[in-house]
Amino acid sequence: MRQRTFGATGRDVPVLGQGTWRLDDDDRTRALAALRAGLDAGMTHLDTAEMYGAAEPLVAEAIAGRREGVFLVSKVLPSNASRAGTIAACERSLKRLGTDRLDGYLLHWPGSHPLEETLAGFEALKASGKILSWGLSNFDVDGLDAALSIAGPGAIACNQVLYHLGERAIEHAVEPWCRRNGVALVAYSPFGSGDFSKAESRGGRVLAGIAGAHETTPYAVALAFLTRHDGVFAIPKTGSPERAVANAAAGDLVLAAGEIAALDAAFPRGPRPRHLPML
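Residues numbered from 1 in each chain as written. Predicted model: local features only at pLDDT ≥ 70, side-chain atom pairs only at ≥ 80, totals over all residues. Heavy atoms only, no water.

## Brief notes about the packing of helix α1 (residues 28–40) against helix α2 (residues 55–63)
Geometrically, a packed helix pair is captured by the angle between its two axes and the distance between the axes.
Argument step 1. As a packed pair, α1 and α2 sit with axes 9 Å apart at the nearest point and diverge in direction by 50 degrees. Here α1 is positioned oblique relative to α2, judged by the angle of their axes. Both α1 and α2 take part in a crossing whose hand is right-handed. On α2, the residues touching R28, A31, L32, L35, R36 and L39 of α1 are P57, L58, V59, E61, A62 and I63.
Argument step 2. Of the residues in the contact of α1 with α2, the class split is 9 nonpolar, no polar and 3 charged. (Axes fitted to C-alpha atoms, helices over the stretch in contact; angles between N-to-C directions. Helix = DSSP H or I, 4+ residues; strand = E, 2+ residues; numbered from the N terminus. Parallel < 35°, antiparallel > 145°, perpendicular 65-115°, else oblique. Left-handed = near helix turned anticlockwise from the far one by under 90°. Contact = heavy atoms within 4.5 Å. Nonpolar A, V, L, I, M, F, W, Y, C, P; charged D, E, K, R; others polar.)

See below:
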């Protein structure tokens, strides 16, 4: 599995990790097996959140006995993101995850609490060793600029955003901003959250052709395209152990320039939207 530096953390992290949104909707035994299969295949970046219901306890079970080899991330709800609320929410997540620290802790999306309060909570958690880094999620350029002005350079580890072949809005401004400022960009729902390109569509045919050339799956090709730039990571979610292993194959897949151009043409990024898309 290829690794690259994860933003301001300076740590090398696999280009592919595992998301857990709605994982608790899947069969629990298979979901647990999927997380473990993904870990075994090198997808050791695990992303969860207090909002994800039973996902944090499921992750706790998956990483039992192997915490040291996992890059573990959770998120605080905006409604809890006052200074004191951020600290309390993190402590609850730590308890559910069965660990004494998080490798990353994110604000799930911009909310009503002043950003200064949330970031002060993050810094207090970092000073106490309960988190090793902090970042943001669903932040557009204006919000990123605000966070940078408060925290200063080198403080923001990542920005987690919606990014898949059918939704490339972040390529207009958010991804370039992150690249300029040394912030990792993490793609959530990289398969479109149930809206992956159908096999008979133009995009589906392009994906299938490239997948056949590499003896892999269209899903792996999609992941390779999304992570084609340095500093970009993806966290596909699956409740299937077999799919987890197949996804991990994209971690070593490097597309040729012609293949990237074909995908770019089949899945045009379109105009920059007025508001950052999110789920």
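## Things to note about the nonpolar core
Argument step 1. Among the nonpolar cores identified, the biggest contains 72 residues, and Y105 and V174 are the most heavily contacted of them.
Argument step 2. Looking at which element gives the most residues to this core, the answer is helix α8 (residues 218–226), with 7 residues.
Argument step 3. Setting aside chain neighbours within four positions, we find V174 in contact with F139, D140, V141, L144, N159, V161, L185 and L276.
Argument step 4. Of all hydrophobic cores here, the second largest spans 13 residues; its members include F71, V73, L106 and L162. (Core = buried A, V, L, I, M, F, W, Y, C linked by side-chain atoms within 4.5 Å. Buried < 20%, exposed > 50% of the residue type's maximum accessible area, 1.4 Å probe, protein only.)

## So, the environment of G270
Argument step 1. In this fold, G270 is placed in the segment after α10 (257–266).
Argument step 2. Among the residues examined, G270 registers a relative accessible area of 38% and is labelled partly exposed.
Argument step 3. Sequence spacing of G270 and A8 is 262 residues, and the spatial spacing of their C-alpha atoms is 30 Å.

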